[in-house]
There are 2 protein chains.
Amino acid sequence: MDIARYEIPDAGTPVACRSCQARHGVVCGALSSSQLKELGRHSLRRKVEAGSEIVAQGSESSFYSNIMRGVVKLCKVMPDGRQQIVGLQFAPDFVGRPFVRESTLSAEAATDAELCVFPRSLLDRMIAETPELQRSLHDQALRELDAAREWMLTLGRRTAEEKVASLLYLIAAHAEPQTATSTAFDLPLSRAEIADFLGLTIETVSRQMTRLRKSGVIHIENFRHILVPDMDALERVSA
Amino acid sequence: MDIARYEIPDAGTPVACRSCQARHGVVCGALSSSQLKELGRHSLRRKVEAGSEIVAQGSESSFYSNIMRGVVKLCKVMPDGRQQIVGLQFAPDFVGRPFVRESTLSAEAATDAELCVFPRSLLDRMIAETPELQRSLHDQALRELDAAREWMLTLGRRTAEEKVASLLYLIAAHAEPQTATSTAFDLPLSRAEIADFLGLTIETVSRQMTRLRKSGVIHIENFRHILVPDMDALERVSA
DNA sequence: GCTGCGATTTGATCCAGATCAAACTTTTCC
DNA sequence: GGAAAAGTTTGATCTGGATCAAATCGCAGC
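Residues numbered from 1 in each chain as written. Chains lettered and ligands numbered in written order. Predicted model: local features only at pLDDT ≥ 70, side-chain atom pairs only at ≥ 80, totals over all residues. Heavy atoms only, no water.

- The name given to chain A in an unreviewed UniProt entry is CRP/FNR family transcriptional regulator, anaerobic regulatory protein, with Rhizobium aethiopicum as the source organism.

In structure tokens:
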């Protein structure tokens, strides 16, 4: 198999993926060392900047990726332009839809990110040969399904304030805690993206952020940097 | 393994599951005939009536099921009683959350239904031994994930009328078509359940149903029986 | 057939969040 | 360093769907 055949525009350095060889992650944690080596030979480390599309909605993708660093948003767009973010993925998640070529959603880097990109055909073969890998991907799919259903509850039944608090809580839970109770992080999403995640408008998101700030549940610095002095308090307002 | 150990209250007739032996379905289609026989020996055919709970939110379930007949709704409830239906499952879907014992949602029969119930420990062993079964369940999980994400778009970005039309379209798509364009079916959900699926109130659901009826997109008989003369028209108003 | 009850529809009013509009803040790029 | 552009906040007003209230329908039980 020749890596050039799989080269994608602006694909980055064709080096074996060190992080994969460290066996972390949904895919690489489930592979034997010879499989890791083979995957490494056909992988491209690719830096993508915030906003660039990884997979387009409606397109057929010949690639899967592992997220090495950064945040990826999964997005659905209606013909008239209405838009909904249907998932957020963090390192070391796997990006791609096994078994179906055509994507019903787009994947886009929400922050600057680093991916390990490899050909679909190769991983599909490894999935078929490696029950442990199938299990690992099955497990990720089930975790994503749990998360999606939790978000359905948020979208359908929570108020605007609860929605914003829930999203902040979700993101904070992926950041390093500062102390036992407090956490600080940079929001990976703009107000517009938050609105698209929560089924709100940017104005409503902004107003609810202000509300949370005035009530002391969060501190905001420079729009993007958030400090949560007490995670329990944030959880409480997210209902 | 003794089936009595797994007996559940009011569990129904302990007969081998004929339909499973016919190899249809997510689970049974992936098993060898000896596995089918073993699963059959430990299965209970169980009739459940509309409204009865199959798995309770927050409980630990020792059972999985296959849906033989009927519709099952997956539901999340907030401490204050707000409620969201997060999935509908039809025969021959598999019901249960592999790998995690505690359920974060409840499963409830939406219509009178018939299930094939069997012990978690047995299927977990078969999953570990049978890549084909893992694959089949992985595939169902991914289909459910696609569906969940489609509903996130509906919940977040569609209007009340589009929501109601989308749900009718979804259910109609599971019914036998009458002619090339028209379909008739009995709604498996009450107005209250529809509201809980769509993040609306029963009054809004009722008004939108009336609206769709007055515009000729659907005909309603006896509250529950729906005729869709033109599926394309219904799809159009669901945006 | 009458009665009572749950499910549904219909009507009147209210309000959370959308929309429209403008100011302000930060970043980008000459 | 300054101007334009992009992102965010704030304010005024509107509206789709919620809430409150009542009538109607269909069915189970007597």
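## Overview of the overall build of chain A
Moving on, step 1. The secondary structure content of chain A amounts to eight helices and eleven strands.
Moving on, step 2. Taken over C-alpha atoms, the radius of gyration comes to 19 Å for chain A, in line with the 18 Å a tight globule of 239 residues would show.
Moving on, step 3. When the 239 residues of chain A are sorted by exposure, 53% land in the buried category.
Moving on, step 4. Surface exposure of chain A reaches about 10500 Å², of which carbon and sulfur atoms provide 50%.
Moving on, step 5. The averaged location of the 31 negative side-chain charges in chain A is 1 Å from the averaged location of its 29 positive side-chain charges. (Helix = DSSP H or I, 4+ residues; strand = E, 2+ residues; numbered from the N terminus. Rg over C-alpha atoms; globule rule 2.2 N^0.38 Å. Buried < 20%, exposed > 50% of the residue type's maximum accessible area, 1.4 Å probe, protein only. Areas by Shrake-Rupley, 256 points an atom, 1.4 Å probe, with all protein chains shown as cover. Lys, Arg positive; Asp, Glu negative; His and termini not counted. Charge placed at Lys NZ, Arg CZ, Asp CG, Glu CD.)

## Description of the UniProt feature "domain: Cyclic nucleotide-binding" (unreviewed entry) in chain A
Moving on, step 1. According to UniProt, the positions carrying the feature "domain: Cyclic nucleotide-binding" (unreviewed entry) are residues 27–144 of chain A.
Moving on, step 2. Helix makes up 28% of residues 27–144 of chain A and strand 36%, and the two end C-alpha atoms of the span are 15 Å apart. (UniProt positions renumbered as here; feature names shortened; annotations may be inferred.)

## Here we look at the UniProt feature "domain: HTH crp-type" (unreviewed entry) in chain A
Moving on, step 1. In the UniProt entry, the feature "domain: HTH crp-type" (unreviewed entry) is given for residues 158–232 of chain A.
Moving on, step 2. For residues 158–232 of chain A, the end-to-end C-alpha separation is 18 Å, with 49% helix and 15% strand making up the annotated structure.

## Points about helix 7 (residues 202–214) of chain A
All names here are of chain A.
Moving on, step 1. The end-to-end C-alpha distance of helix 7 is 18 Å, a good match for the 18 Å that 13 residues give at a rise of 1.5 Å each.
Moving on, step 2. Every buried residue of helix 7 is accounted for by Val205, Gln208, Met209 and Leu212. Angular distribution of buried residues about the axis of helix 7 spans 105°; they occupy a single face of the element. Of the exposed residues in helix 7, the ones pointing more than 90 degrees away from its buried face are Arg207 and Lys214.
Moving on, step 3. Buried residues belonging to helix 7 abut helix 5 (160–173), helix 6 (191–198), strand 10 (219–221), strand 11 (225–228) and helix 8 (231–237).
Moving on, step 4. Gly216, located one to two residues past helix 7, shows a positive phi value of around 85°. (Expected span 1.5 Å × (residues − 1). Arc of directions from axis to C-beta. Contact = heavy atoms within 4.5 Å.)

## With respect to the pattern of salt bridges
Moving on, step 1. Across all of its chains, the model carries 28 salt bridges over all chains by this definition.
Moving on, step 2. A:Glu129 is the partner of A:Arg125 in a salt bridge, and the nearest nitrogen-oxygen pair spans 3.5 Å. Here A:Glu129 and A:Arg125 lie together in helix 3 (residues 120–129), a separation of four residues that amounts to about one turn.
Moving on, step 3. You can call A:Arg125 partly exposed: its relative accessible area is 32%.
Moving on, step 4. With a shortest N-O distance of 3.0 Å, A:Arg157 and B:Asp196 are connected by a salt bridge. Taken as a pair, A:Arg157 in helix 4 (residues 131–157) and B:Asp196 in helix 6 (residues 191–198) lie in two separate chains rather than in one.
Moving on, step 5. On the basis of relative accessible area, A:Arg157 is assigned to the buried category, the value being 17%. (Salt bridge = Lys/Arg side-chain N within 4 Å of Asp/Glu carboxyl O.)

## Side note on the relation of the copies chain B and chain A
Moving on, step 1. Take chain B, turn it by 180°, move it 0.0 Å along the axis, and it overlays chain A with an RMSD of 0.0 Å. Between the two chains, the operation in question is that of a two-fold axis.
Moving on, step 2. Comparing interface residues between copies, 100% of those in chain B also lie at the interface in chain A; the contact surface is shared. (Least-squares fit on C-alpha atoms with pLDDT ≥ 70 in both.)

## Comments concerning the protein's contact with DNA strand C
Moving on, step 1. Neighbouring residues of DNA strand C: 18 residues in total, closest A:Ala160, A:Thr204, B:Arg191, B:Ser206 and B:Arg207.
Moving on, step 2. Note that a base oxygen of DNA strand C is positioned 2.9 Å from one of the side-chain N or O atoms of A:Arg207.
Moving on, step 3. The separation between a phosphate oxygen of DNA strand C and a polar side-chain atom of B:Arg191 is 2.7 Å.
Moving on, step 4. When residues of the surface near DNA strand C are traced back to their parent elements, those giving at least two are helix 7 of chain A together with helix 7 (202–214) of chain B.
Moving on, step 5. Broken down by element, the residue count for the surface near DNA strand C peaks at four residues, all from helix 7 of chain B.
Moving on, step 6. Tallied by class, the residues present in the surface near DNA strand C amount to four nonpolar, eight polar and six charged. (Near = heavy atom within 4 Å. Polar contact = N/O pair within 3.5 Å; in protein donor to acceptor, adjacent residues only side chain to side chain. Nonpolar A, V, L, I, M, F, W, Y, C, P; charged D, E, K, R; others polar.)

## Quick notes on the packing of aromatic side chains
Moving on, step 1. The final tally for this structure, using the stated rule, is six aromatic pairs over all chains.
Moving on, step 2. For the ring pair A:Trp151 and A:Phe197, a centre distance of 4.6 Å and an interplane angle of 40° mean the geometry is tilted. Residue A:Trp151 is found in helix 4, and its partner A:Phe197 is found in helix 6; the two are separated by 46 residues along the sequence.
Moving on, step 3. A:Trp151 gets classed as buried once you look at its relative accessible area, which sits at 8%.
Moving on, step 4. Measuring from ring centre to ring centre gives 5.0 Å for B:Tyr64 and B:Phe94, while their planes differ by 50°; the resulting arrangement is tilted. (Phe/Tyr/Trp six-rings, centres within 6.5 Å; stacked < 30°, edge-to-face > 60°.)

## What to know about the protein's contact with DNA strand D
Moving on, step 1. In the region of DNA strand D, 17 residues are neighbours, and A:Arg191, A:Thr210, B:Ala160, B:Thr204 and B:Arg207 sit closest.
Moving on, step 2. Close to the protein, within 4 Å, the atoms of DNA strand D are drawn from sugar and phosphate at a rate of 67%.
Moving on, step 3. Within the contact set of DNA strand D, a phosphate oxygen lies 2.9 Å away from a side-chain nitrogen or oxygen of A:Ser206.
Moving on, step 4. At 2.8 Å, a side-chain N or O of A:Thr210 approaches a phosphate oxygen of DNA strand D.
Moving on, step 5. Listing elements by their share of the surface near DNA strand D, those giving two or more residues are helix 7 of chain A together with helix 7 of chain B.
Moving on, step 6. In the surface near DNA strand D, the residues fall into four nonpolar, seven polar and six charged.

## Describing helix 6 of chain B
Moving on, step 1. Among the eight residues that make up helix 6 of chain B, six are buried, leaving the element largely enclosed by the rest of the structure.
Moving on, step 2. Every buried residue of helix 6 of chain B is accounted for by B:Glu193, B:Ile194, B:Ala195, B:Asp196, B:Phe197 and B:Leu198.
Moving on, step 3. Close packing links the buried residues of helix 6 of chain B with helix 4 of chain A together with strand 4 (71–77), strand 5 (83–90), helix 4 (131–157), helix 5 (160–173) and helix 7 of chain B.
Moving on, step 4. Looking one or two residues beyond helix 6 of chain B, the residue adopting positive phi is B:Gly199, at roughly 65°.

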